[in-house]
Amino acid sequence: MGNWCMKQRHQVYHEDPSVLASETHFTVREVKLLYKLFKKLSSSITDDGFISREEFQLGLVQNSKKQSFFADRMFNLFDYKSDGVIDFGEFVRSLSIFHPDTPEAEKVAFAFRLYDIWQTGFIETEEVKEMILAFLDESDLTLSDDTVELIISKTFEEADSKRDGKIDTEEFKDFAARNPSLLKNMTIPYLKCKYSKSKLIQHSMQARRLFDLEHTSLNS
């Protein structure tokens, strides 16, 4: 196991690459490449073997101080143990969702959790509005209140087939099938091991565009 063994916080334990490969869509070689990316991110502020929220944000938006709604949402999903840091196993398993070989159903499920801000099992109008406003703020863009409301209205008109004011997992799945652009950034081609380490680091942060306004506004 060599370098892959250390333990929690003070003695960090990193899972064996072959185990992670068997549980994800990565090969052992790809897992080892990801470890180089993980080391780069986890040591960008404090070299403790974990990716903190600030380090994760720094990797996504190149700024560890400015609050980022998107970075917070992604961090919370990657940190599925909810202990405030991302370990190597969480990092690999979460990035596996973005692997080109990952089934679409897994990508849809992850995207739903991303948009389900309140973790209720539904996506409601206020959650969509919060995402739109956050996107506009972080992108220095401006839309009128009427335009934002129109985007929300059109989204729910198409996605909320039960007309109950919220989007459940099945409705979201059907919505994604009719709107492939919703998942277009859920695949990162550079996670394939044929690419170089530098390209892997450069393009693994492509997920930053998951909140691209066109995903919310449909074809408006």
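Quantities reported herein were computed from a predicted structural model and do not represent experimental measurements. (Residues numbered from 1 in each chain as written. Predicted model: local features only at pLDDT ≥ 70, side-chain atom pairs only at ≥ 80, totals over all residues. Heavy atoms only, no water.)

(A) Geometry of the overall build of the protein chain. In terms of regular secondary structure, the protein chain is built from 11 helices and 2 strands. For the protein chain, the proportion of its 220 residues judged to be buried stands at 48%. For the protein chain, the proportion of contacts with a sequence separation of at least 24, taken over those separated by at least 6, is 56%. When the accessible surface of the protein chain is split by element, carbon and sulfur atoms take 50% of a total near 11100 Å². (Helix = DSSP H or I, 4+ residues; strand = E, 2+ residues; numbered from the N terminus. Buried < 20%, exposed > 50% of the residue type's maximum accessible area, 1.4 Å probe, protein only. Contact = heavy atoms within 4.5 Å. Areas by Shrake-Rupley, 256 points an atom, 1.4 Å probe, with all protein chains shown as cover.)

(B) Expanded view of the side chain of Glu171. Along the polypeptide, Glu171 turns up in helix H9 (residues 169–178). Buried charge without a partner: Glu171 forms no salt bridge, and the closest opposite charge is Lys162, 5.3 Å away. Those residues within four positions of Glu171 in sequence are excluded, and the remaining contacts are Ala159, Asp160, Ser161, Lys162 and Lys166. (Lys, Arg positive; Asp, Glu negative; His and termini not counted. Salt bridge = Lys/Arg side-chain N within 4 Å of Asp/Glu carboxyl O.)

(C) Up close: unusual backbone geometry. In this structure, Gln119 is a non-glycine residue whose phi angle is positive, near 55°. The residue Gln119 is located in the loop between helix H6 (104–115) and strand E1 (123–124) in this model. Backbone geometry places Arg163, a non-glycine residue, at a positive phi of 55°. The residue Arg163 is located in the loop between helix H8 (145–159) and strand E2 (166–167) in this model.

(D) Highlighting the nonpolar core. Counting 54 residues, the largest nonpolar core has Met74, Phe78, Phe91, Phe98 and Phe172 as the members making the most contacts within it. Here this core spans two domains, since at least three of its residues come from each of domain 1 (15–102 + 187–209) and domain 2 (104–186). (Core = buried A, V, L, I, M, F, W, Y, C linked by side-chain atoms within 4.5 Å. Domains from an automatic or database assignment.)

(E) Up close: the UniProt feature "domain: EF-hand" (unreviewed entry) in the protein chain. Under the local residue numbering, the UniProt record ascribes the feature "domain: EF-hand" (unreviewed entry) to residues 66–101, 103–138 and 147–182. The straight-line gap between the two end C-alpha atoms of residues 103–138 is 31 Å; of that span, 72% is helix and 6% is strand. Spanning residues 147–182, this segment combines 64% helix with 6% strand, and its end C-alpha atoms are found 20 Å apart. (UniProt positions renumbered as here; feature names shortened; annotations may be inferred.)

(F) Structural view of helix H5 (residues 88–95). Along H5, 7 of the 8 residues are buried, which leaves the element largely enclosed by surrounding structure. Listed as buried for H5 are Phe88, Gly89, Glu90, Phe91, Val92, Ser94 and Leu95. Along its buried surface, H5 packs onto helix H1 (17–23), helix H2 (28–42) and helix H4 (69–78). One side-chain oxygen at the N-terminal end of H5 lies 3.1 Å from the backbone nitrogen of Gly89; it belongs to Asp87. (Polar contact = N/O pair within 3.5 Å; in protein donor to acceptor, adjacent residues only side chain to side chain.)

(G) Representation of the environment of Thr169 in the model. Among the structural elements, Thr169 can be located in helix H9. Along the primary structure Thr169 and Asp116 are separated by 53 residues, whereas in three dimensions their C-alpha atoms are 9.8 Å apart. If sequence neighbours within four positions are ignored, Thr169 has contacts with Phe112 and Gly121.

(H) Region of the structure containing the pattern of salt bridges. Scanning the model with the defined rule gives 7 salt bridges in all. In this structure, Glu15 and Arg93 form a salt bridge, with 2.7 Å as the shortest nitrogen-oxygen distance. Placement of Glu15 in the segment before H1 and of Arg93 in helix H5 is noted, with a sequence separation of 78 residues between them. A salt bridge links Asp87 to Lys81, with the shortest nitrogen-to-oxygen separation between them at 2.6 Å.

(I) Main features of the packing of aromatic side chains. Throughout the structure, instances matching the rule amount to 9 aromatic pairs. For the ring pair Phe98 and Phe110, a centre distance of 5.5 Å and an interplane angle of 75° mean the geometry is edge-to-face. Here Phe110 lies in helix H6 and Phe98 lies in the loop between H5 and H6, a separation of 12 residues in the sequence. An identical accessibility class is assigned to Phe98 and Phe110; each is buried. Note on Tyr115 and Phe172: the rings are 5.9 Å apart at their centroids and 55° apart in plane angle, and the pair reads as tilted. One end of the pair, Tyr115, is in helix H6; the other, Phe172, is in helix H9, with 57 residues separating them in the sequence. In this pair, the class of Tyr115 matches that of Phe172, namely buried. Ring-pair connections join several aromatic residues into one group, and the members of that group are Tyr35, Phe38, Phe88 and Phe91. Against the face of Phe122 rests Lys166, its NZ or CZ located 4.1 Å from the ring centre. (Phe/Tyr/Trp six-rings, centres within 6.5 Å; stacked < 30°, edge-to-face > 60°. Lys NZ or Arg CZ within 6 Å of the ring centre and 35° of its normal.)

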